[in-house]
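# An overview of the molecular structure
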Amino acid sequence: MKKNILFVIPSLTTGGAEKSLYGLLKYWDFEKYNVDVYTFADKGIYADRLDERVNVISDNSLYRDVFFKGMFSSFKSLLKRGRIGLAFFRIIWGLEPVLYKIVGKKCYRNSRFDWFVQKKAMLRLDKHYDIAVGYMEGGPNYYVSDMVDADVKIGWIHTDYSKTYPNVHLDITRFSKMKNVVTVSENSKREILGLMPNLSEKLVVIPNVIDTQKIDRMVGETVLEKDSEYAICSVGRLVKLKGFDIAVDTAKLLLDEGIDFKWYIVGSGEEEDNLRSQIKSLGLEDKVVLTGSTENPYSYMNMADVCVQLSEYEGRPLVVDEAKYLLKPIVVSNIGAHRDLIEQGITGVVTERNPESVAKAVKEVLFDKDLATKIKNNLENNRFDDKKIAEMVEKLWLL
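Residue numbers here run from 1 along each chain, matching the order of that chain's written sequence. In view of the model being predicted, local features appear only for residues whose pLDDT reaches at least 70, and side-chain atom pairs are presented and counted only at 80 or more, with totals across whole chains, interfaces and linings using the full set of residues. Each side-chain value is worked out from all heavy atoms of the structure, with water and hydrogens disregarded.

Taking strand neighbours across the sheet as the criterion, the six strands line up as S10-S9-S8-S11-S12-S13 in an open arrangement whose pairing is parallel. The open sheet is flanked by strand S10 (288-292) and strand S13 (349-351), the only strands paired with a single partner. Averaged over all pairs of adjacent strands, the angle between strand axes in this sheet comes to 25 degrees, irrespective of strand direction. DSSP bridges decide pairing: two strands pair if at least two such bridges lie between them. Each helix is a run of DSSP H or I of at least 4 residues and each strand a run of E of at least 2, with the numbering of both proceeding from the N terminus. Bridging between strand S12 (residues 330-333) and S13 involves three bridges; their strand directions are parallel. When the sheet's bridge partners are listed, Ser333 is paired in S13 with Thr351. Two residues qualify as a contact provided that any one of their heavy atoms is within 4.5 Å of a heavy atom in the partner residue. To obtain an axis, a line is fitted to C-alpha atoms, over the contacting stretch when the element is a helix, and the angle between two such axes runs from 0 to 180 degrees between their N-to-C directions. The sheet contacts of helix H10 (residues 244-256) involve strand S8 (230-235), strand S9 (261-266) and S10, and relative to S9 the element is tilted by about 175 degrees.

The parallel open sheet is built from seven strands, whose spatial order is S3-S2-S1-S4-S5-S6-S7. Edge strands, defined here as strands with exactly one partner in the open sheet, are strand S3 (54-58) and strand S7 (203-205). When strand polarity is set aside, the average angle formed by the axes of neighbouring strands in this sheet is 25 degrees. Here five bridges tie strand S4 (residues 128-134) to strand S5 (residues 149-157), and the two strands are oriented parallel to one another. By the bridge assignment, Ala132 is partnered in S5 with Lys153. Here helix H1 (residues 16-26) sits on the sheet in contact with strand S1 (3-9), strand S2 (33-39) and S3, set at roughly 160 degrees to S1. Running at roughly 135 degrees to S5, helix H17 (residues 386-398) makes contact with S1, S2, S4, S5, strand S6 (180-183) and S7 of the sheet.

Here Ser299 shows up in helix H12 (residues 298-303). Note on classification: 1.4 Å probe, protein chains only; a residue is buried when its accessible area is under 20% of the maximum for its type, exposed when over 50%, partly exposed between these limits. The buried category is assigned to Ser299, whose relative accessible area is 5%. Reaching out from Ser299, the side chain makes a polar contact with the backbone oxygen of Asn296 at a distance of 3.1 Å. Two N or O atoms form a polar contact when they lie within 3.5 Å of each other; inside protein one atom must be a possible hydrogen donor and the other a possible acceptor, and for residues adjacent in sequence the pair counts only when both atoms belong to side chains.

A separate point is the pairing of strand S11 (residues 306-309). Neither face of S11 is open: one carries Val306 and Val308, the other Cys307 and Gln309, and all of them are buried. As defined by bridge partners, S8 adjoins S11 across two bridges and the pair is classed as parallel. Across the sheet, the residue bridging to Ile232 is Val306, located in S11. In terms of strand pairing, S11 meets S12 through three bridges, oriented parallel. Across the sheet, residue Gln309 finds its bridge partner in S12, namely Val332. Since S11 and S12 lie parallel, the crossover through helix H13 (residues 318-325) that links them has a hand, and here it is right-handed. The handedness of a crossover follows from its direction of travel: if, with the strands pointing away from the viewer, the path from the first strand over the helix to the second runs clockwise, the crossover is right-handed.

Moving on: the packing of aromatic side chains. How two aromatic rings sit relative to each other is given by the distance of their centres and the angle of their planes. Ring geometry is summarised as follows: Phe, Tyr and Trp rings, the Trp one being its six-membered ring, pair when their centres sit within 6.5 Å, and such pairs are stacked at plane angles under 30 degrees, edge-to-face over 60 and tilted between the two. Under the defined criterion, the tally for this structure stands at 18 aromatic pairs. A centroid spacing of 6.2 Å and a plane angle of 80 degrees characterise the contact between Phe7 and Tyr135, whose relative ring orientation is edge-to-face. You can see Phe7 sitting in strand S1 and its partner Tyr135 sitting in the loop between S4 and helix H6 (139-147), a full 128 residues away along the chain. Given a relative accessible area of 0%, Phe7 falls into the buried group. Considering the side-chain rings of Trp28 and Tyr33, the 5.5 Å spacing of their centres and the 50 degrees angle between planes classify their relative orientation as tilted. Each member of the pair, Trp28 together with Tyr33, is buried.

Residues other than glycine seldom take positive phi values, yet Asp211 does so here, at roughly 60 degrees. Residue Leu327 is not a glycine yet carries a positive backbone phi of 65 degrees. The residue Leu327 is located in the loop between H13 and S12 in this model. Since its relative accessible area comes to 17%, Leu327 is described here as buried.

With that settled, consider the environment of Leu253. Within the element layout of this structure, Leu253 appears in helix H10. It is 32 Å that separates the C-alpha atoms of Leu253 and Met218, two residues lying 35 residues apart in sequence. Residues within four places of Leu253 in sequence aside, it is in contact with Pro355, Glu356 and Ala359.

Looking now at the nonpolar core. If you look at the biggest cluster of nonpolar residues, it comprises 59 residues, and the most contacted ones within it are Phe7, Trp28, Val35 and Trp397. Core analysis: the second largest hydrophobic core is formed by 35 residues, Val8, Tyr38, Val117 and Val144 among them. Definition used in this section: a nonpolar core is a set of buried Ala, Val, Leu, Ile, Met, Phe, Trp, Tyr and Cys residues joined via side-chain atoms within 4.5 Å.

Printed below as a string of structure tokens:
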């Protein structure tokens, strides 16, 4: 008899965890499992790409009334629904940061009151599951812990836990109900255990799936030709913590040394206007290209002589695993998640997070052909295998 399994995630829009779940379910054994995916928000772009045997459950309009509208608009909508109590709580939730500030306390990203309001607006699934997986930190884990009827419950943390100002008490009480808690890297595991040592027997490291089939297909679909001697590529959301401003400053140093290159920054986000202004002020319009968001960043990565990722912190950056799969020499910032993935001088180069250090590392990879060849050979000998990741996930409840 097939087992019923539930995966819970806020949405199936763009993002590392969302992409990872989509990739994981491509390798799922549907002969053994009936699979439901419950999303709090709208389904998102990956929902329509999932195997037709995956049942995607999107939350009701009540959740959107509470969390997708401004405070007063939400208040009015809830009153029209006759949800007077929830309307009152919505006002308090909207004022929560101010109230915390008044009493001189920190407002956690996931406060107990956040979760109290959130779960009042969520669907209650009238179904028993053999396995339920909260596939992201915060709400999905809390939902599985408190609101799902399941024999086995699994939690998941995709980020560098200590950098996200977590509510440790709330997490500990919910994780106590779970068989295992998965995280995506050894660095993330260390950070979690530093705050929640009681999880030492439950915590398991399983890398994200990167969907190698899709990468191979997209690389073959679009082949880009270099129009400079060297091509450099960085990929990700254009947000401050990703360090694209450092990449632009690095590009200025390379230009001043007379190096013929183009640096492709692939992605979109809130920092785009700031980056465009920075590029213009440094006279880099012909050297740094903001491509915008694209479903096929792999064509740029595959063209590149070197990939560069300069995040301030990460859980396990998918783009680094993707670059490694493409056998690309990669320069990464010196953070724990990157040190877990890149062995210095063997599978890439780890550097300090400033333009001078990054420029030195990039030149080392571009100009030292023996180093670049050694990195590519080492990456080829340790190629990523998505199917093994799916097997590791299944073993969580088979043991």
